[in-house]
Amino acid sequence: METLNTLISINFDLLTVVLLVIFFTAENVLNTQFKFDKMGKHLLENIGFLILITLLNLFWAGIIVAGVDWLNSNQIGLFHYLNMPIWLFLLLSLMLFDMANYWFHRIAHNVSFLWSFHRVHHSDSRMDASSNIRVHPIELVFYFGSSSFLMAAIFGLDTTGLGLYVLVIIPYVFIEHCNLKYPTWIDKTFGLVFTTPNFHRVHHDQDEFYTNSNYADIFILWDRIFGTFKYKHPEEVKLGLKEFDDQKQSFWYLMKTPFINIPRHSDTNQNSK
Ligand SMILES: [Zn+2]
Ligand SMILES: [Zn+2]
């Protein structure tokens, strides 16, 4: 428990920067599966989001911790009334936070106001470790804050469980987006329970049938249980969004894009029928 407390007290923003350096170096030194030019420029485009998210965390992370602590100190949530070993409480915390994010992610794909923020992440037509930090800061506030408060309020999850979840999810999403060659046997074994990079790649496909699938960050179990798991061979995936294909995707353009009316490609197609 002491080791866990030490681990979750590390600076998560610093961890993100260290991982970005490690994965970017690995992608340039090792054999990448999907080669693309100007990886450095792509990194610089996405790094603006990391800077904003780090600034946001200066106060937002404190608000989340204070809110969850308040719920716990008032004994709000189911697990306050159940006796369970700490390992089970932590495992359930990891799974339930992940399940909440599965639903928030799924909702973000189906509510057009939320999609206009989330599509920033999907607009990337090339994918590497830096695509993971390409998240509109307003989306992060909605997504991570709401899911944390909700799970703490319903189940009584605490900041130790939340810290463990963040500690696991930060490296996990780097692995998920990283442009390295992963053997396909991983999909058939590990992928029965966990989201693999190939599964997440399908989620980034331009075809909306596949974009609206594989929402889970860690446990692909949620997609399997709630009927949204889909598979396509990674070589056949075409990344990005058709409605962004002709746009010059600068950092400032992407920051503004939630406030610009850009119809989803499928909607445009339906209207023209
Ligand atoms: Zn998505
Ligand atoms: Zn992604």
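Computed from a predicted structure; not experimentally measured.

## Topic: empty space enclosed by the protein
On inspection of all chains with the given rule, the structure shows one cavity of 30 Å³ or more. Counting residues per element, the ones that place at least two in the lining of the largest cavity are helix H7 (159-177) and helix H9 (197-203). Sorting elements by how many residues they give to the lining of the largest cavity places H9 first, with three residues.

## Quick word on the pattern of salt bridges
Taken as a whole and assessed by the stated rule, the structure comprises five salt bridges. For Glu45, the salt bridge identified is with Arg126, shortest N-O distance 3.5 Å. Of this pair, Glu45 sits in helix H3 (residues 39-73) while Arg126 sits in the loop between helix H5 (112-122) and helix H6 (137-155); the two residues are 81 residues apart in sequence, bridging distant segments of the chain. The exposure class of Arg126 is partly exposed, given its relative accessible area of 25%. Here Asp205 ties to Lys232 by a salt bridge, and the two come within 3.0 Å at their closest N and O atoms.

## Side note on the packing of helix H2 (residues 12-29) against H7
Axis separation between H2 and H7 bottoms out at 10 Å; the angle between their running directions is 20°. Compared by their axis directions, H2 and H7 come out roughly parallel. As for the relative orientation of H2 and H7, their crossing is right-handed in sense. Only Gly163, Val166, Leu167, Ile170, Pro171, Phe174 and Ile175 of H7 make contact with H2, whose side of the interface consists of Phe12, Leu15, Thr16, Leu19, Leu20 and Phe23. Split by residue class, the contact of H2 with H7 holds eleven nonpolar, two polar and no charged.

## Remarks on the side chain of Ser131
Tracing the backbone through its elements, the reader meets Ser131 in the loop between H5 and H6. Each residue touching Ser131, except ones within four places of it in the same chain, is listed here: His42, Asn46, His121, Asp124, Arg126 and His177.

## Thoughts on the coordination of the zinc ion (ligand 2)
Only His121 (NE2), His177 (NE2), His200 (NE2) and His204 (NE2) from the protein coordinate the zinc ion (ligand 2), and they sit 2.1 Å from it. Around the zinc ion (ligand 2), the four donor atoms are arranged such that angles at the metal cover 90 to 158°; this shape is classified as irregular. All donors of the zinc ion (ligand 2) come from a single chain, and their spacing in sequence reads H-x55-H-x22-H-x3-H. Placement of His121 in helix H5 and of His204 in the loop between H9 and helix H10 (208-211) is noted, with a sequence separation of 83 residues between them. Here His121 matches His204 in class, with each residue buried.

Conventions we followed
- Residues numbered from 1 in each chain as written.
- Chains lettered and ligands numbered in written order.
- Predicted model: local features only at pLDDT ≥ 70, side-chain atom pairs only at ≥ 80, totals over all residues.
- Heavy atoms only, no water.
- 1 Å grid on protein atoms, 1.4 Å probe; cavity = no way out; pocket = protein on both sides within 12 Å on 5 of 7 lines; lining within 4 Å.
- Points joined across faces, edges and corners; volume = space filled by probe spheres on them.
- Helix = DSSP H or I, 4+ residues; strand = E, 2+ residues; numbered from the N terminus.
- Salt bridge = Lys/Arg side-chain N within 4 Å of Asp/Glu carboxyl O.
- Buried < 20%, exposed > 50% of the residue type's maximum accessible area, 1.4 Å probe, protein only.
- Axes fitted to C-alpha atoms, helices over the stretch in contact; angles between N-to-C directions.
- Parallel < 35°, antiparallel > 145°, perpendicular 65-115°, else oblique.
- Left-handed = near helix turned anticlockwise from the far one by under 90°.
- Contact = heavy atoms within 4.5 Å.
- Nonpolar A, V, L, I, M, F, W, Y, C, P; charged D, E, K, R; others polar.
- Donors = N, O, S within 2.8 Å, 3.2 Å for Na, K, Ca; no water.
- Tetrahedral: all angles 85-135°; square planar, octahedral: opposite > 155°, others 65-115°.

Function cannot be read off these values alone, since they describe shape.
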